[in-house]
Amino acid sequence: MNLNRKLHEAFGYCWHEKHAEYRGEIACTCWATFKSEEEFIQHCKSSNPNYKAEPWLVIREMKKKGLRKRFLSSIGTTTNLGALAKMSSLIAIDTTGKLAQLALDWLQKEG
Ligand SMILES: [Zn+2]
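Residues numbered from 1 in each chain as written. Predicted model: local features only at pLDDT ≥ 70, side-chain atom pairs only at ≥ 80, totals over all residues. Heavy atoms only, no water.

A. The side chain of His16, seen in detail. Inspection of the secondary structure assignment puts His16 in the loop between α1 (3–10) and β1 (18–22). Using a relative accessible area of 13% as the deciding quantity, one classes His16 as buried. Polar contacts involving the side chain of His16 include one to the side chain of His43, which spans 3.1 Å. Apart from residues no more than four positions distant in its own chain, His16 is found in contact with Cys28, Thr29, Cys30, His43, Cys44, Ser47 and Asn48. (Helix = DSSP H or I, 4+ residues; strand = E, 2+ residues; numbered from the N terminus. Buried < 20%, exposed > 50% of the residue type's maximum accessible area, 1.4 Å probe, protein only. Polar contact = N/O pair within 3.5 Å; in protein donor to acceptor, adjacent residues only side chain to side chain. Contact = heavy atoms within 4.5 Å.)

What follows is the structure, encoded as structure tokens:
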């Protein structure tokens, strides 16, 4: 299972993918149904976040859950330049999923 999906589910959301196909209609795991494959793929693309490519989404979700401060303090404080540089890299520069992995590990431990 990929990291984006694991983290999304750890946040308590449904990962959108094909649940069933019946009489030409595609049912998603969220129970929405689609008449065309194209429509369904578009739905999954817009509903499944890419936390690896867009790490700020991790922070946004942590904020929604009221966990942002606790999570950020688990990574390190922003009271010095080195820590600030590390934080900005995790949030805005890295696209390999470092922050998403930290978030998943943290949620599984603390959340
Ligand atoms: Zn769906």
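Okay, back to it.
B. The arrangement of the packing of aromatic side chains in detail. With the rule as written, the count across this model stands at three aromatic pairs. Pairing Phe11 with Tyr51 gives two aromatic rings, centres 5.8 Å apart and planes at 55 degrees, and the pair type is tilted. Within this pair, whereas Phe11 is found in the loop between α1 and β1, its partner Tyr51 is found in the loop between α2 (37–47) and α3 (56–64), the two being separated by 40 residues in sequence. Each member of the pair, Phe11 together with Tyr51, is buried. (Phe/Tyr/Trp six-rings, centres within 6.5 Å; stacked < 30°, edge-to-face > 60°.)

C. Summary view of the coordination of the zinc ion. Protein coordination at the zinc ion: the donors are His16 (ND1), Cys28 (SG), Cys30 (SG) and His43 (NE2), at 2.0 to 2.4 Å from the metal. For the zinc ion, the four donor atoms in the first shell make angles of 104 to 114 degrees at the metal, a pattern classed as tetrahedral. In primary-sequence terms, the residues that donate to the zinc ion follow H-x11-C-x1-C-x12-H. Taken together, the residues span a long stretch of sequence, with His16 in the loop between α1 and β1 and Cys30 in the loop between β2 (25–28) and β3 (33–34) at a distance of 14 residues. (Donors = N, O, S within 2.8 Å, 3.2 Å for Na, K, Ca; no water. Tetrahedral: all angles 85-135°; square planar, octahedral: opposite > 155°, others 65-115°.)

D. Layout of the packing of α1 against helix α6 (residues 98–110). Viewed as axis vectors pointing N to C, α1 and α6 meet at an angle of 40 degrees, and their least axial separation amounts to 10 Å. Accordingly, the angle class assigned to the pair α1 and α6 is oblique. For the crossing formed where α1 meets α6, the hand is left-handed. Every residue of α6 that contacts α1 at Leu3, Lys6, Leu7 and Ala10 is listed here: Ala100, Gln101, Ala103, Leu104 and Leu107. Looking at the contact of α1 with α6, its residues break down into seven nonpolar, one polar and one charged. (Axes fitted to C-alpha atoms, helices over the stretch in contact; angles between N-to-C directions. Parallel < 35°, antiparallel > 145°, perpendicular 65-115°, else oblique. Left-handed = near helix turned anticlockwise from the far one by under 90°. Nonpolar A, V, L, I, M, F, W, Y, C, P; charged D, E, K, R; others polar.)

E. Summary view of the nonpolar core. Ranked by size, the top nonpolar core spans 19 residues in total, and within it Leu7, Tyr51, Val58, Met62, Phe71, Leu99 and Leu107 carry the most contacts. Of all the secondary structure elements, the ones that give two or more residues to this core are α1, α3, α4 (68–75), α5 (81–93) and α6. Ranked by residues supplied to this core, first place goes to α6 with six residues. Filtering out sequence-adjacent residues up to four positions away, Leu99 remains in contact with Pro55, Val58, Ile59, Phe71, Ile75, Leu90 and Ile91. Core analysis: the next-biggest nonpolar cluster, separate from the first, contains five residues, Ile26, Cys28, Phe34 and Phe40 among them. (Core = buried A, V, L, I, M, F, W, Y, C linked by side-chain atoms within 4.5 Å.)

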